[in-house]
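Letter by letter, the chains look like this.
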Amino acid sequence: MLNNRFQELAMKPDAPFLGGGGQFIRNFIGDKSFYAMSAVPKQDNPMQAFEAMLTEAFRAKQHGFLETELERAKSQSLSGMEAAYAEREKTENNTYCNEMTRNFQYGESMPGIEVELELYKAFMPQITVDDVNKAFNARLTEENVALTASFPDNGTYEIPTEDAVLAMYRDVKKRSFDPYVDKVIDEPLIANMPTPGTIKKTIEHKNVGVTEFQLSNGITVFAKPTDFQDDEILVSAYGHGGASLADNDTYMSAQFSTNLMSQMGYGKFDLVSLQKKLAGKQVNLRTYINDVETGFSGQSTQKDFETLMQLIHLGFTAPRLDYDAAESFMKRVKESVENSKNTPRTVWRDSMNYIANSYHFRARPTTKEILENEVDADDAYDFMKARLANASNYTFFFVGNIDLKQLKEMSELYLASLPAGKKETFVNHGETYPKGQVKHVLNRGIEPQAMISLRINDDFDFNYRNRMLARSMMEIFSIKLRELIREDLGGTYSPSAYITFSKYPEAEYSVRIGFGLNPERVDEMKKAGIDLKEIFPASESRNRELVDNWSYDTFLIAAEKLYNAGKPFGATIGATPDSRWLSALFTAYGAELVNKDGDIAVDSDEVREVLEYLKKLTQFMPDSVYAWDDSSNNRWLISGEGSVISNPASAWAVAKRDNPEVAKNLWHHDAPRGPKGRFRPDNSQFWGIWSFAQNKSAAKDLLRYVAEKTVVDSCVAASKGYDIFKDAIIK
């Protein structure tokens, strides 16, 4: 209910924030829970958002919520449970898994959806406004309050001080507020029912199980009953024309027309009133527009199907012009566009689209200046109203658990009654891919990350067979790309390759290949503030002070920084030989599990100290380390996901073989120092001769041979990763 108030406030032209809301966080730490609220501020006045968030919270605390608000919330909650019950036979595994996890961790009961629905029906009517207000007041406590604020340090925001934030909280807390007024329109969605049209012709496409209705006003309806979901009906519709019918002066208004109209509601119902009217109904509908078509998409349950059809009818016959809603929406869009200028991925995506359309006027990246000068609410409304004036231009598709008899009746009443006119089609303005090869380099951001995008465009013979073959080809290509770039070379993250097709205005295909990578594979430890090449140079000359300061406490600080940078430390924690780094760590803290006399020595201050250290360290390590084997750390480091491992030189040897670019940036160094000194893990191996051996003399000769320096040198050289040190111990 509080979130609905936040949403209602955000839709006003003078909204104090871009958005806000509250949420009760259960079992945040152990059995500790808390209530959290947040608001996204505007650039010009961040404290205004904080003040408004507190105002609504304390308004609710002073005056409570209203009966009308509670009834909508109860209706919505019960409706959601009924929808889950209707789909109980199609419940996905992760739903059960999450429920069992909560049962195990927090003791949450899991009686099953059948029992839960009955409990909802039994207890929901008993919940009163007083119950809700008491529960809310108990969560909005006077103590244990934490205030946090984060802002980009780019000069855009005037960042408030801690004293200013505290002063604002204390000031708002003391104020008196007027009660919230719940404005509700108690009227039907459609006051006067339309005169039904007729179905002129019905065609059964039995080979695909589709029924076609040709309506009296020119609309065509296709229906495909399915049982993929037990209580879901999907609808989509399109009509040719789209934003291509706008001239250049009104093109941006046309592009934003459906977004603007979605904020305005229908007829007497503004968006807030409409949402209140639809509370408790499982239904949604959106209008979209692109360069070649305008359309609808939505869904509902069987029970709410007529409401869905009424919304479609209102979309055509009762679009609403609301200047306040348009102003509020455009302010939020402008804020978002301004913020996105600092996001390299957004700039990159917009640039790619502009280039891929040969720098066409209609493919320009959206800027604040374009929004201010080229988007007009009146133009958007007029353009969309013209597109909706002719329903005969549209084709509808219904899929799901459809009652064909009901669909026929609803189509006659709500679709065939829509106004008809001359069919429209799109206009080709010459937006097409550039000819020849185009290379563009875009430099943005401060992070050492690169994004590579390759697009291949050409004309296309648009038919089902060609699309199927092309998609199959791209699936195979995607697998090969992932194997080559990610798994073998380890130089990228999440490579992707896919193909798209467009039939209008010209039949084309577009192959898109993209991946992100670190362009230089820089020394991540140096980014964390530690220059290991300076501490452990490739010589015997070392700064004793720097070496002594290389401790486990220092490493913990670096591990946190590397984790936050997305390049964490990783090491095997399990029953594998490469887990022996833990023995060096325990020894560095003087911790013994078994003492020299063979007695169990786990219960000691030293063991507790090293376990506390590991508790801190492992939160900055990948969760998967407990399942790693001896090769995992090598693969993980070479993949580029990690920055540091505790391992012999095999990682370097594998990198030189499989990914030389990674190998160039690897560095070996000594283990950190603990309270009891610096220790290395050891994996001692010995040659031996069985006492029952038949040829001991030859065996001894073999051992003498493999121990000769020239032979050892050749073995080390062949390993391509190990070395021989004169003095490997730093005392």
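Look up: the structure comes first, before these words.
Residues numbered from 1 in each chain as written. Predicted model: local features only at pLDDT ≥ 70, side-chain atom pairs only at ≥ 80, totals over all residues. Heavy atoms only, no water.

**What to know about the pattern of salt bridges**
So the rule is basically this: The working definition used for a salt bridge is a side-chain nitrogen of Lys or Arg within 4 Å of a carboxyl oxygen of Asp or Glu. Per the convention used, a helix needs a DSSP run of H or I reaching at least four residues, while a strand needs a run of E reaching at least two, with both numbered from the N terminus. The classification of residues rests on relative accessible area computed with a 1.4 Å probe and restricted to protein chains. Under 20% of the type maximum is buried, over 50% is exposed, and intermediate values are partly exposed.
Tallying each qualifying case throughout the model produces 24 salt bridges. Note that Arg175 and Asp171 form a salt bridge whose closest N and O atoms lie 2.6 Å from each other. Glu187 is paired through a salt bridge with Lys268; the nearest N and O atoms lie 3.2 Å apart. Here the residue Glu187 occupies a position in the loop between helix H7 (162–174) and strand E3 (199–205), and Lys268 occupies one in the loop between helix H9 (257–261) and helix H10 (271–277), the gap between them amounting to 81 residues. You can call Glu187 partly exposed: its relative accessible area is 30%. When salt bridges with common partners are traced through the structure, they connect Glu8, Arg72, Asp182 and Lys276 into a single cluster.

**Observations concerning the pairing of strand E8 (residues 293–300)**
Our working rule: Between any two strands, at least two bridges found by DSSP are needed for them to pair.
When you tally the buried positions in E8, you get 6 out of 8 residues, the bulk of the element. As judged from the 7 bridges shared by strand E7 (residues 283–289) and E8, these two strands associate in the antiparallel manner. Across the sheet, the residue bridging to Asn284 is Gln299, located in E8. Counting the residues in the hairpin turn of E7 and E8 gives 3 residues.

**Quick look at the sheet that holds strand E4 (residues 210–215)**
Through backbone hydrogen bonds, the strands of a sheet pair up, either in parallel or in antiparallel fashion. To keep things clear, this is the line we draw: All axes are obtained by fitting lines to C-alpha atoms, using only the stretch in contact for helices, and the reported angles, taken between N-to-C directions, cover 0 to 180 degrees.
Pairing in this open sheet of 7 strands is mixed, and the strands run E3-E4-E5-E9-E6-E8-E7 from one edge to the other. Looking at the sheet topology across the chains shown, the edges are occupied by E3 and E7. Recorded for the sheet is a direction-independent mean angle of 15 degrees between the axes of neighbouring strands. Pairing of strand E6 (residues 233–240) with E8 involves 8 bridges; the strand directions are antiparallel.

**Some words on the packing of aromatic side chains**
Filter applied, for reference: Ring geometry is summarised as follows: Phe, Tyr and Trp rings, the Trp one being its six-membered ring, pair when their centres sit within 6.5 Å, and such pairs are stacked at plane angles under 30 degrees, edge-to-face over 60 and tilted between the two. Definition used: whenever NZ (Lys) or CZ (Arg) falls within 6 Å of the ring centre and also within 35 degrees of the ring normal, the charge is taken to sit over that ring.
Throughout the structure, instances matching the rule amount to 25 aromatic pairs. Measuring from centroid to centroid gives 5.7 Å for Tyr552 and Tyr613, while their planes differ by 80 degrees, and the two rings are edge-to-face. Taken together, the residues Tyr552 in helix H21 (residues 552–564) and Tyr613 in helix H23 (residues 605–618) connect sequence positions 61 residues apart. Looking at Tyr552, the relative accessible area reads 6%, which means it is buried. Relative accessible area serves as the criterion here: at 5%, Tyr613 is assigned to the buried category. Ring pairing ties together the aromatic residues Phe296, Phe305, Phe316, Tyr394, Phe396 and Phe398, which thus form one cluster. For the cation-ring pair, Arg88 lies above Tyr85, with the distance from its terminal atom to the ring centre recorded as 4.0 Å.

**Quick look at helix H24 (residues 632–639)**
Most of H24 is tucked away: 7 of the 8 residues are buried. Taken as a whole, H24 has its buried residues at Ser632, Asn633, Asn634, Trp636, Leu637, Ile638 and Ser639. Phi for Gly640, located one or two positions after H24, is positive at around 90 degrees.

**Focus: unusual backbone geometry**
A cis geometry characterises the amide bond from Tyr504 onward to Pro505, with omega recorded as -5 degrees. With respect to the element layout, Pro505 can be found in the loop between strand E11 (493–502) and strand E12 (508–517). The phi torsion at Ser358 lies on the positive side, around 55 degrees, for a residue other than glycine.

**Things to note about the pairing of E4**
Burial within E4 is extensive, with 5 of its 6 residues counted as buried. Of the pairings in the sheet, the one linking E3 to E4 comprises 6 bridges and is antiparallel in character. Counted as the bridge partner of His205 is Val210 from E4. Linking E3 back to E4 in an antiparallel pair, the connection comprises 4 residues, with Gly209 at a positive phi of about 65 degrees. Across 4 bridges, the pairing between E4 and strand E5 (residues 220–225) is antiparallel. Bridge pairing in E5 links Phe213 to Val221.

**Quick notes on the environment of Asp324**
For clarity, the cut-off: Note on contacts: a residue pair is in contact if any heavy atoms of the two residues lie within 4.5 Å.
Counting through the fold element by element, Asp324 comes out in helix H12 (residues 323–340). For the pair formed by Asp324 and Phe222, sequence separation is 102 residues and the distance between their alpha carbons is 38 Å. Once residues within four sequence positions are removed from consideration, Asp324 is found in contact with Met11 and Pro13.

**Comments concerning helix H16 (residues 404–415)**
So the rule is basically this: In protein, a polar contact means a hydrogen-donor-capable atom and an acceptor-capable atom, both N or O and within 3.5 Å, with residues adjacent in sequence counting only if both atoms are side-chain atoms; elsewhere, any N or O pair within 3.5 Å suffices.
Residues of H16 that are buried include every one of Leu407, Met410, Ser411, Leu413, Tyr414 and Leu415, and no others. Structurally, H16 contributes buried residues whose contacts are with E4, E5, helix H11 (305–317) and strand E9 (394–400). The N-cap residue of H16 is Asp403: its side-chain oxygen and the backbone nitrogen of Lys405 are 3.0 Å apart.

**Things to note about the side chain of Thr55**
Along the chain, the position of Thr55 falls in helix H2 (residues 46–63). By relative accessible area, which is 12% here, Thr55 ends up buried. Only 2.7 Å separates the side chain of Thr55 from the backbone oxygen of Glu51, close enough to count as a polar contact. Ignoring anything within four residues of it in the chain, the contact list for Thr55 reads Val172, Arg175 and Phe177.

**Notes on the packing of H11 against H16**
Our working definition: By definition in this entry, angles of less than 35 degrees are roughly parallel, angles greater than 145 are roughly antiparallel, angles of 65 to 115 are roughly perpendicular, and the rest are oblique. The sense of a crossing depends on the near helix, which, turned anticlockwise from the far helix by less than a right angle, makes the crossing left-handed and, turned clockwise, makes it right-handed. In this count, Pro and Cys sit with the nonpolar residues alongside Ala, Val, Leu, Ile, Met, Phe, Trp and Tyr, while Asp, Glu, Lys and Arg are called charged and the others, Gly among them, polar.
With their axes 10 Å apart at the nearest point, H11 and H16 run at an angle of 25 degrees to one another. Taken together, the axes of H11 and H16 lie roughly parallel to each other. For the pair H11 and H16, the sense of crossing is right-handed. In this structure, H11 contributes Phe305, Glu306, Met309, Gln310, Ile312 and His313 to the contact, and H16 contributes Gln406, Leu407, Met410, Ser411, Tyr414 and Leu415. Looking at the contact of H11 with H16, its residues break down into 7 nonpolar, 4 polar and 1 charged.

Taken by themselves, the reported measurements are silent on function.
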